[in-house]
Amino acid sequence: MPILRLKPVAKENIWGGTRLCEEFGIEPPAGSISPETAAAAEDIGQVDDAEESALPKVGEVWMLSCHPDSRGKVIGGQYDGMSLPEVLTSRPDFMGSHAKRFNRFPLLIKLIDAAENLSVQVHPDDEYAADTNDAQGKTELWYVIEAEPDAEIIYGFKNELTQEQFRHAIENDTLLDELEHFKVRAGDVFFIEAGTVHAIGKGVLLAEVQQNSTTEYRIYDYGRVDAEGNPRPLHIDRAIDVAITVPPTFPPGPLGPPVDVDSRTEMVLGECKYFRSVIMDTFMPTHFEVDEDSFASVVVLDGEAKFFTDDENINLRKGDSAFITAGTGRVTVSGRAIFIVTTI
């Protein structure tokens, strides 16, 4: 069974930075100026302040995607150049038997670089989202890769509010006072159940595993405006409809402690009916199994290693993504790397 190397898709965002291109080797969006090119031009006096402001602010990189907004493509092998949805349409068995539970490909996995605060927002559950373009809700999980000193994440309410009190806080600009602010550091984990009000703060770099949906209801946006000078739209009524206005059910933190397994350390980050994510840190050759129940997504956060099976091998480094087809069996990993393995 093949291992599909995927080409990450970079997205420019008003709040994004340059770390995903500079440190993870992600190719900037088509038509943008790479940080390396800009730096070289600045050194010889070809970039002024106005031009610098046009450099790409890459806030998101979609590492695994079948979403219509950006379909990931396969690099190399017999499926080279095909989109992942094209491959899976021709070979649905690559997804595994658990995929039959879903009406569409269930996952979207990203890396996020918050150079500025993201908006405070909330996502609907599947029932509420039935009439949206995605026709499904959005539950997600965050793993903090790095965080600047005093960087924070907003996660749910401090105390229970009524919907009327929630609306009053929005209208009177006291919403941030009602929300729980967590100082974060590398290794922190947050499970964001649909309906949980949340935001990623400035200076946080994280991996996000989520349902395959882009539906979000923006509540507060720090007074920002778009390129035309217009405030970005808010979705107050829908946000009030779907928000869980009590403190979160799931406390911050992974699902279990780190454990040593077969020459690696691994930790279950989170598990729900949509996905299960485990982070692995290899220090000697090790292996894991990919059975017929589910494919395995691999996103490498640090280091470099060779992933090989009886049929083939592939080298993956920091910033790489791969789709290991269901039924592959034993996957051996040789090298020092930290990576997230997600199944459904």
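Residues numbered from 1 in each chain as written. Predicted model: local features only at pLDDT ≥ 70, side-chain atom pairs only at ≥ 80, totals over all residues. Heavy atoms only, no water.

Moving on to helix α5 (residues 163-171). Among all positions in α5, only Phe166, Ala169 and Ile170 are buried. Each buried residue of α5 lies within a common arc of 100° when the element is viewed along its axis, so the set occupies one face. Looking at α5, the residues exposed on the side facing more than 90 degrees away from the buried face are Glu164 and Glu171. Tucked into the core, α5 has its buried residues touching β8 (152-157), α6 (175-178), β13 (217-220) and α7 (236-242). Two residues or fewer after α5 comes Asp173, characterised by a positive phi angle close to 60°. (Buried < 20%, exposed > 50% of the residue type's maximum accessible area, 1.4 Å probe, protein only. Helix = DSSP H or I, 4+ residues; strand = E, 2+ residues; numbered from the N terminus. Arc of directions from axis to C-beta. Contact = heavy atoms within 4.5 Å.)

This part is about the pairing of strand β21 (residues 329-343). Both strand β16 (residues 276-282) and β21 contribute to a ladder of six bridges, which runs antiparallel. Bridge pairing in β21 places Met280 opposite Phe339. Both strand β17 (residues 286-290) and β21 contribute to a ladder of five bridges, which runs antiparallel. Each bridged residue has a counterpart across the sheet, and for His287 the counterpart in β21 is Thr332. Pairing analysis gives eleven bridges linking strand β18 (residues 296-308) to β21, with the strands arranged antiparallel. Residue pairing in the sheet places Lys306 in a bridge with Ser334 of β21. (Pairing = 2+ DSSP bridges.)

On to the sheet that holds strand β10 (residues 189-192), then. Spatially, β2-β3-β5-β12-β7-β10 is the arrangement adopted by the six strands of the open sheet, whose pairing is antiparallel. The open sheet has two edge strands with one neighbour each: β2 (9-17) and β10. Mean inter-strand twist for the sheet, computed between neighbouring axes without regard to direction, equals 25°. Pairing analysis gives four bridges linking strand β7 (residues 140-147) to β10, with the strands arranged antiparallel. Residue pairing in the sheet places Glu140 in a bridge with Ile192 of β10. (Axes fitted to C-alpha atoms, helices over the stretch in contact; angles between N-to-C directions.)

Turning next to the environment of Tyr128. Looking at the element boundaries, Tyr128 is found in the loop between β6 (120-122) and β7. Each C-alpha atom of the pair Tyr128 and Val299 lies 30 Å from the other, and the pair is 171 residues apart in sequence. Residues in contact with Tyr128, not counting those within four places in the same chain, are Tyr217, Arg238, Asp241 and Val242. Among the polar contacts made by the side chain of Tyr128, one reaches the side chain of Asp241 at a distance of 2.9 Å. (Polar contact = N/O pair within 3.5 Å; in protein donor to acceptor, adjacent residues only side chain to side chain.)

Burial analysis of β8 places five of its six residues in the buried class, which makes it a mostly covered element. Pairing of β8 with strand β9 (residues 179-183), which is carried by four bridges, proceeds in the antiparallel orientation. In the sheet register, Ile154 faces β9, and the bridge partner there is His181. Bridging between β8 and strand β11 (residues 198-200) involves three bridges; their strand directions are antiparallel.

The final tally for this structure, using the stated rule, is 13 aromatic pairs. Relative to Phe190, the ring of Tyr155 has its centre 5.4 Å away and its plane inclined at 75°; by these criteria the two rings are edge-to-face. You can see Tyr155 sitting in strand β8 and its partner Phe190 sitting in strand β10, a full 35 residues away along the chain. Taken individually, Tyr155 and Phe190 each receive the classification buried, so the pair is uniform in this respect. Three or more aromatic residues joined by ring pairs form one cluster here, namely Phe105, Phe295 and Phe323. Over the ring of Trp62 we find Lys11, and its NZ or CZ is 4.3 Å from the ring centre. (Phe/Tyr/Trp six-rings, centres within 6.5 Å; stacked < 30°, edge-to-face > 60°. Lys NZ or Arg CZ within 6 Å of the ring centre and 35° of its normal.)

Let's shift gears to the confidence of the model for the protein. In the predicted model, the protein carries a mean pLDDT of 92, and 93% of its residues have values of at least 70. Counting interchain partners and residues more than four positions distant, the pLDDT-below-50 stretch residues 34-38 has ten contacts. Here residues 40-53 is a poorly scored stretch, pLDDT under 50, and it has seven contacts once near neighbours within four places are set aside; other chains count. (pLDDT = per-residue confidence, 0-100.)

What follows deals with the pattern of salt bridges. For the coordinates displayed, the defined rule picks out 19 salt bridges. Across the pair Glu60 and Lys110 runs a salt bridge whose closest N-O atoms are separated by 3.4 Å. Of the two residues, Glu60 sits in strand β3 (residues 58-64) while Lys110 sits in strand β5 (residues 107-114), which places them 50 residues apart along the sequence. Residue Lys110 is classed as buried on the basis of its relative accessible area, which comes to 4%. Of the charged contacts in the structure, one is a salt bridge between Arg330 and Glu289, with a shortest N-O distance of 3.6 Å. You can see Arg330 sitting in strand β21 and its partner Glu289 sitting in strand β17, a full 41 residues away along the chain. (Salt bridge = Lys/Arg side-chain N within 4 Å of Asp/Glu carboxyl O.)

With that settled, the discussion passes to unusual backbone geometry. For Ala135, which is not a glycine, the phi torsion comes out positive at approximately 60°. By secondary structure assignment, the location of Ala135 is in the loop between β6 and β7. A residue is classified by how much of its surface remains accessible, and Ala135, at 45% relative accessible area, is partly exposed. Even without glycine at this site, Asp150 takes up a positive phi of about 70°. Among the structural elements, Asp150 can be located in the loop between β7 and β8.

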